[in-house]
Amino acid sequence: MSFWATPIGWTLLTVGHILLILLVLLLTCAFLGVWGDRKLFAGAQMRKGPNVVGPFGLLQPFADLGKFLLKELMIPAGADKFVFLLAPLISITLALGAWAAMPLAPGWAVSNINVGILYLLAVSSLGVYGVIMGGWASNSKYPFLGALRSAAQMVSYEVSIGFVIVTVILLAGSMNLTTMVERQSGWFWNWNVLGGGHGPASLIGALVMIPMAVVFFISTLAETNRPPFDLPEAESELVAGYQVEYGSSPYMLFYLAETANITLMGGLTAVLFFGGWQIGVPTPFMDHWSPTLVSFIGFVAFAIKTVFFVLLNGLVRAVVPRYRYDQLMRLGWKVFLPISLVAVAAIAAWRVFGPVSA
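Calculation notes
- Residues numbered from 1 in each chain as written.
- Predicted model: local features only at pLDDT ≥ 70, side-chain atom pairs only at ≥ 80, totals over all residues.
- Heavy atoms only, no water.
- 1 Å grid on protein atoms, 1.4 Å probe; cavity = no way out; pocket = protein on both sides within 12 Å on 5 of 7 lines; lining within 4 Å.
- Points joined across faces, edges and corners; volume = space filled by probe spheres on them.
- Helix = DSSP H or I, 4+ residues; strand = E, 2+ residues; numbered from the N terminus.
- Phe/Tyr/Trp six-rings, centres within 6.5 Å; stacked < 30°, edge-to-face > 60°.
- Buried < 20%, exposed > 50% of the residue type's maximum accessible area, 1.4 Å probe, protein only.
- Lys NZ or Arg CZ within 6 Å of the ring centre and 35° of its normal.
- Expected span 1.5 Å × (residues − 1).
- Axes fitted to C-alpha atoms, helices over the stretch in contact; angles between N-to-C directions.
- Parallel < 35°, antiparallel > 145°, perpendicular 65-115°, else oblique.
- Contact = heavy atoms within 4.5 Å.
- Nonpolar A, V, L, I, M, F, W, Y, C, P; charged D, E, K, R; others polar.
- Core = buried A, V, L, I, M, F, W, Y, C linked by side-chain atoms within 4.5 Å.
- pLDDT = per-residue confidence, 0-100.
- Left-handed = near helix turned anticlockwise from the far one by under 90°.

### Overview of empty space enclosed by the protein
The method is simple in principle: a probe with the dimensions of a water molecule rolls over the atoms, and the space it marks as empty is what remains.
Then, in step 1: Tallied over the full model, the rule gives four cavities of 30 Å³ or more.
Then, in step 2: Volume-wise, the largest cavity comes out at about 240 Å³.
Then, in step 3: What lines the largest cavity is a set of 19 residues, among which Gly127, Val131, Met154, Ala257 and Asn261 lie closest to the centre.
Then, in step 4: No other element matches the six residues that helix 9 (residues 248-273) contributes to the lining of the largest cavity.

### A short note on the packing of aromatic side chains
Then, in step 1: Counted by the stated rule, this structure contains 14 aromatic pairs.
Then, in step 2: For the pair tyrosine 157 and phenylalanine 336, a centre-to-centre distance of 6.2 Å together with 85° between the ring planes defines the contact as edge-to-face. Of this pair, tyrosine 157 sits in helix 5 (residues 141-172) while phenylalanine 336 sits in helix 11 (residues 325-353), placing them 179 residues apart in sequence. Side by side, tyrosine 157 and phenylalanine 336 carry an identical accessibility label, which is buried.
Then, in step 3: Of the aromatic side chains, those joined through ring pairs into one cluster are Tyr157, Phe229, Tyr323 and Phe336.
Then, in step 4: A cation over an aromatic ring shows up here: lysine 67 above the ring of phenylalanine 68, its NZ or CZ 5.0 Å from the ring centre.
Then, in step 5: Above the face of the tyrosine 142 ring, lysine 141 is positioned so that its terminal group lies 5.8 Å from the ring centre.

### A closer look at helix 4 (residues 116-137)
Then, in step 1: The end-to-end C-alpha distance of helix 4 is 32 Å, a good match for the 32 Å that 22 residues give at a rise of 1.5 Å each.
Then, in step 2: Phi turns positive, to about 55°, at asparagine 139, one or two residues after helix 4.

### Some points on the packing of helix 4 against helix 5
Then, in step 1: Relative orientation of the contacting elements helix 4 and helix 5 amounts to 175°, with a least axis distance of 8 Å. Taken as axis vectors, helix 4 and helix 5 run roughly antiparallel relative to one another. Where helix 4 abuts helix 5, its residues Ile117, Leu121, Ser124, Ser125, Gly127, Val128, Val131, Ile132, Gly135 and Trp136 lie against Pro143, Phe144, Ala147, Ser150, Ala151, Met154, Glu158, Ile161, Gly162, Ile165 and Ile169.
Then, in step 2: Here the contact of helix 4 with helix 5 is composed, by residue class, of 14 nonpolar, six polar and one charged.

### Observations regarding unusual backbone geometry
Then, in step 1: Phi is positive for methionine 46, which is not a glycine, with a value near 60°.
Then, in step 2: Positive phi, normally seen in glycine, also occurs at phenylalanine 56, with a value near 60°.
Then, in step 3: In this fold, phenylalanine 56 is placed in the loop between helix 1 (7-44) and helix 2 (60-70).
Then, in step 4: A residue is classified by how much of its surface remains accessible, and phenylalanine 56, at 66% relative accessible area, is exposed.

### Regarding the environment of phenylalanine 309
Then, in step 1: Relative to the elements of secondary structure, phenylalanine 309 occurs in helix 10 (residues 291-319).
Then, in step 2: In contact with phenylalanine 309, other than residues within four places in its own chain, are Phe217, Gly266, Thr269, Ala270 and Phe274.

### Thoughts on the layout of surface pockets
Then, in step 1: In this structure, the second largest pocket encloses a volume near 420 Å³.
Then, in step 2: Lining the second largest pocket are 17 residues, with Val24, Leu25, Thr28, Leu104 and Phe299 sitting closest to its centre.
Then, in step 3: Elements represented by at least two residues in the lining of the second largest pocket include exactly helix 1 and helix 10.
Then, in step 4: Partitioning the lining of the second largest pocket into residue classes produces twelve nonpolar, five polar and no charged.

### Focus on the nonpolar core
Then, in step 1: Met102, Leu268, Leu272 and Phe273 are the most contacted members of the largest nonpolar core, which has 57 residues in total.
Then, in step 2: Counting residues per element, this core draws most heavily on helix 9, which supplies ten residues.
Then, in step 3: Val83, Phe84, Ala87 and Val131 belong to the second largest nonpolar core, which has ten residues in total.

### Digging into the confidence of the model for the chain
Then, in step 1: The predicted model of the chain has a mean per-residue pLDDT of 84, with 95% of residues at 70 or higher.
Then, in step 2: Per-element averaging of pLDDT across the chain places helix 8 (residues 235-238) at the bottom with 59 and helix 3 (residues 81-97) at the top with 90.

### Some remarks on helix 10
Then, in step 1: Compared with an ideal rise of 1.5 Å per residue, which puts 29 residues at 42 Å, helix 10 spans 42 Å between its outermost C-alpha atoms and is within 8% of the ideal.
Then, in step 2: Of all the residues in helix 10, the buried ones are Ser295, Gly298, Ala301, Phe302, Lys305, Thr306, Phe309, Val310, Asn313, Gly314 and Val316.
Then, in step 3: Turning to helix 10, the residues buried within the fold contact helix 1, helix 7 (202-223) and helix 9.

### Side note on the packing of helix 5 against helix 7
Angle between the axes and distance between the axes are the two parameters that describe a pair of packed helices.
Then, in step 1: Put simply, helix 5 and helix 7 touch, their axes get as near as 9 Å, and they point 150° apart. Comparing their axes, helix 7 and helix 5 come out roughly antiparallel. Judged by the sense of rotation from one axis to the other, the crossing of helix 5 with helix 7 is left-handed. Facing helix 5, whose interface residues are Gln153, Met154, Tyr157, Glu158, Ser160, Ile161, Val164, Ile165, Thr167, Val168 and Leu171, helix 7 presents Met209, Met212, Val215, Phe216, Ser219, Thr220, Ala222 and Glu223.
Then, in step 2: Along the lines of polarity and charge, the residues of the contact of helix 5 with helix 7 split into twelve nonpolar, five polar and two charged.

Printed below as a string of structure tokens:
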């Protein structure tokens, strides 16, 4: 029996797999969340953005990392020190742990569980606890108000996200994320956003799923507290919300958790609606290729889609003005919730009575 088939070998392989995904994810967050976001924002305002540290400013994330690590850790005198330091750790642990069920390519998932979509929804929902704990432990009114806003906002938009995910589950017939991607193979019109590939009848499904993809993307902006829904940290009202009293490494962990969640939502949008690692055309010529090469090509396709949605997220931040809080809640409860409920009923009826049921 091979060493890698033994319990010790399997453990080493799994740990190596996890560490490799973490390394790639952290580098992605550093370059997309720091360099890419600033460059995009600068372009929208006709500025240059980061351009001093390294060629084209590419080393700016490492300069920021050094700054955060070397700054003195300050804890307010009246704060609950244990909870104050625990909050960013919870946020970053949940943000990175959610990637365990994400299928990056054929066979490239840390944990290919049958209820992967429920795991992702549950773990991302728990992220609100880090925000609430950080705002409460700071023992200050502005962080506390920001934490309360965040709790209400994230819970509100998780409802519409959940119903949108139900429409995808009905189309795919599975809650396994890998199965969802595999059933979107072939031509790009087999992607869930265009009805899931059921011949001409897919056009009917596309009329429902295209709006659902838009609702899902906008809801992910609110779920991750990104503009125009960044009310928990609205600078003009709450200084910096639940992060007011944070600096140094704890603040860096909060920012890294937010960036990891944004990247996760970009990847989840690609998996649920846009075929995941599928490139959008039939690939019979790849049947005789090495499985590692096929998986790598699939990973590149998944990465391109994820980066596109992350950059689209940043573009929304640069060009869309911030909502008022009452507008935010009205959009979630009076617009997205009814639309997603109607979509669930429509897709369910289509699955039962339409040609998809065959």
